[in-house]
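Listed here are the chains, written in short residue letters.
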Amino acid sequence: MSHDDLSQHPLRPQHPAFPDDFSADPYRPDLYRHVPPPDELGDVDDRFVFDFHAYDDLEDGQRWSTWMSVEPLSRGPEPLPDWVVTSQGAIDTELGVLKTGKEADVHLVERADPLDPGTGVVMAAKRYRSPEHRTFHRSASYTEGRSMKRSRDERAIKRKSTFGRQVAAGEWAVSEWAALVRLWNLGLPVPYPVQIDGTEILMEWITVVDEDGAVETAPRLAQTRPSPELLAAYFEQLTDALATMVQNGVVHGDLSAYNILAAGERLVVIDLPQIVDLVGNLNGMTFLQRDCANICGWFRARGLDVDEHALFAELMAHAF
């Protein structure tokens, strides 16, 4: 069979014909392409056409949104609330410190896309301090019964080494993140957890509107003086929330009027890093009794006839 016959053989692969303006300069690999003339661009599929927008440089106190830089499991549970900003062009702007605590500080951060400012949102950013700047010394009783993914980390924490203290700081952030996600999925009144990145948790900013129409942080329950009717409604909300928690085997562990926000007629439970396993932690019952005593003591001091022993017995009926 001649060479010409082989070129026409049906099993021989047929290469497409290259256009005349196809560049194949071996010293210019960037020219291995076909550039269509402008009059042919109208045939491009619209799905492959996008607009490009340039963004200005960041200012002090700003950073690019970290939403896309964290793993999917480090983002809030779905469905996402419609106020969550997921734009890759969004910028996080520091607005100041909201409050300081024993183990973490809470800042206000605005996340907004400069090209779509109407969708911006202000969130609470809880940032756990480095081990040498923390004053929370009761961690051992809270973490009893918890397991860690890596035994190396667990041994380092027990030895209280430098690495162990660093792991412990991250462990508290992870613990609160997991608690927020779990309780949110159970329908409990907690701030929506937006994302976690290292020792920073971004979450819903719980607010109220004052008499002048200005938005401000919801006060702690301890700062309020509710009417008798609202006081009774508050206690009923807390009882329902505690019952759901014990039904799912968890205890807040540090519940008081200072760890609850009063957002109008509803309460929101906050500060959850020390959440306790009711059964796995030997102190689980003790923590639950203390939560009941703290809550009932505050409500009783404001005129509501409640008893911590009766509340504890009611919760135990839900737990077992």
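Thresholds, definitions, all that
- Residues numbered from 1 in each chain as written.
- Predicted model: local features only at pLDDT ≥ 70, side-chain atom pairs only at ≥ 80, totals over all residues.
- Heavy atoms only, no water.
- Helix = DSSP H or I, 4+ residues; strand = E, 2+ residues; numbered from the N terminus.
- Buried < 20%, exposed > 50% of the residue type's maximum accessible area, 1.4 Å probe, protein only.
- Contact = heavy atoms within 4.5 Å.
- Areas by Shrake-Rupley, 256 points an atom, 1.4 Å probe, with all protein chains shown as cover.
- Pairing = 2+ DSSP bridges.
- Axes fitted to C-alpha atoms, helices over the stretch in contact; angles between N-to-C directions.
- Salt bridge = Lys/Arg side-chain N within 4 Å of Asp/Glu carboxyl O.
- Disulfide = S-S within 2.5 Å.
- Parallel < 35°, antiparallel > 145°, perpendicular 65-115°, else oblique.
- Nonpolar A, V, L, I, M, F, W, Y, C, P; charged D, E, K, R; others polar.
- Phe/Tyr/Trp six-rings, centres within 6.5 Å; stacked < 30°, edge-to-face > 60°.
- Lys NZ or Arg CZ within 6 Å of the ring centre and 35° of its normal.
- Polar contact = N/O pair within 3.5 Å; in protein donor to acceptor, adjacent residues only side chain to side chain.

(A) Just the overall build of the protein, in detail. For the protein, the count of helices and strands is 7 helices and 12 strands. When each of the 320 residues of the protein is scored for burial, the buried share is 39%. Pairs at least 24 residues apart make up 61% of the contacts formed inside the protein by residues separated by at least 6 positions. As presented, the protein carries roughly 19300 Å² of accessible surface, and 53% of it is formed by carbon and sulfur atoms.

(B) Fine view of the sheet that holds strand 1 (residues 62-64). Here 6 strands make up an open sheet; going across it, the order is 1-2-3-4-6-5 and the pairing antiparallel. Here the strands that pair on one side only, and so sit at the sheet edges, are strand 1 and strand 5 (193-197). With direction set aside, neighbouring strand axes in the sheet form an average angle of 30°. Of the strand pairs in this sheet, strand 1 and strand 2 (residues 91-100) are connected by 3 bridges, and their pairing is antiparallel. When the sheet's bridge partners are listed, Arg 63 is paired in strand 2 with Asp 92.

(C) Quick look at the side chain of Glu 308. Mapped onto the fold, Glu 308 is located in helix 7 (residues 308-319). Given a relative accessible area of 19%, Glu 308 falls into the buried group. Not counting the four nearest positions on each side in its chain, Glu 308 is found in contact with Cys 292, Ala 293, Cys 296 and Arg 300.

(D) Quick look at the pattern of salt bridges. Considering all chains together, one arrives at 9 salt bridges under this definition. Glu 94 is the salt-bridge partner of Arg 127, the closest N and O atoms lying 2.4 Å from each other. One end of the pair, Arg 127, is in strand 4 (residues 116-128); the other, Glu 94, is in strand 2, with 33 residues separating them in the sequence. In this structure, Arg 129 engages Asp 105 in a salt bridge whose closest nitrogen and oxygen atoms are separated by 2.8 Å. One end of the pair, Arg 129, is in the loop between strand 4 and helix 2 (139-143); the other, Asp 105, is in strand 3 (residues 104-113), with 24 residues separating them in the sequence. By relative accessible area, Asp 105 is classed as buried at 19%. What emerges from the salt-bridge pattern is a single network uniting Arg 63, Asp 92, Glu 94, Arg 111, Arg 127 and Glu 200.

(E) Molecular detail of the state of the cysteines. The final tally for this structure, using the stated rule, is 0 disulfides. For Cys 296, which is in no disulfide, the shortest distance to another cysteine sulfur is to Cys 292 and amounts to 6.2 Å. Residue class for Cys 296 comes out buried when judged on its relative accessible area of 0%.

(F) Focus on the packing of helix 5 (residues 228-247) against helix 6 (residues 284-301). Where helix 5 meets helix 6, the axes come as close as 11 Å, and the angle between the chain directions of the two elements is 175°. Looking at the two axes, helix 5 sits roughly antiparallel to helix 6. The segment helix 5 lies against helix 6, with Leu 231, Tyr 234, Phe 235, Leu 238 and Val 246 engaging Leu 288, Ile 295, Cys 296, Trp 298 and Phe 299. Within the contact of helix 5 with helix 6, the residues separate by chemical class into 10 nonpolar, no polar and no charged.

(G) Molecular detail of the packing of aromatic side chains. Under the counting rule described, the total for this entry stands at 4 aromatic pairs. Seen in terms of ring centroids, Trp 83 and Tyr 192 are 5.9 Å apart; in terms of plane orientation they differ by 85°. Their pairing is edge-to-face. With Trp 83 in the loop between strand 1 and strand 2 and Tyr 192 in the loop between helix 4 (162-185) and strand 5, this pair connects stretches of sequence that are 109 residues apart. You can call Trp 83 partly exposed: its relative accessible area is 24%. An aromatic cluster is built from Trp 83, Trp 184 and Tyr 192, whose rings are joined through pairwise contacts. Over the ring of Trp 67 we find Arg 75; its NZ or CZ atom is 5.5 Å from the centre of that ring.

(H) The side chain of Gln 274, seen in detail. With respect to the helices and strands, the residue Gln 274 is situated in the loop between strand 11 (266-269) and strand 12 (276-277). On the basis of relative accessible area, Gln 274 is assigned to the buried category, the value being 3%. There is a polar contact of 3.2 Å between the side chain of Gln 274 and the backbone oxygen of His 252. Polar contacts involving the side chain of Gln 274 include one to the main-chain carbonyl oxygen of Asp 271, which spans 3.0 Å.

Limitation: the analysis is restricted to geometry and does not speak to function.
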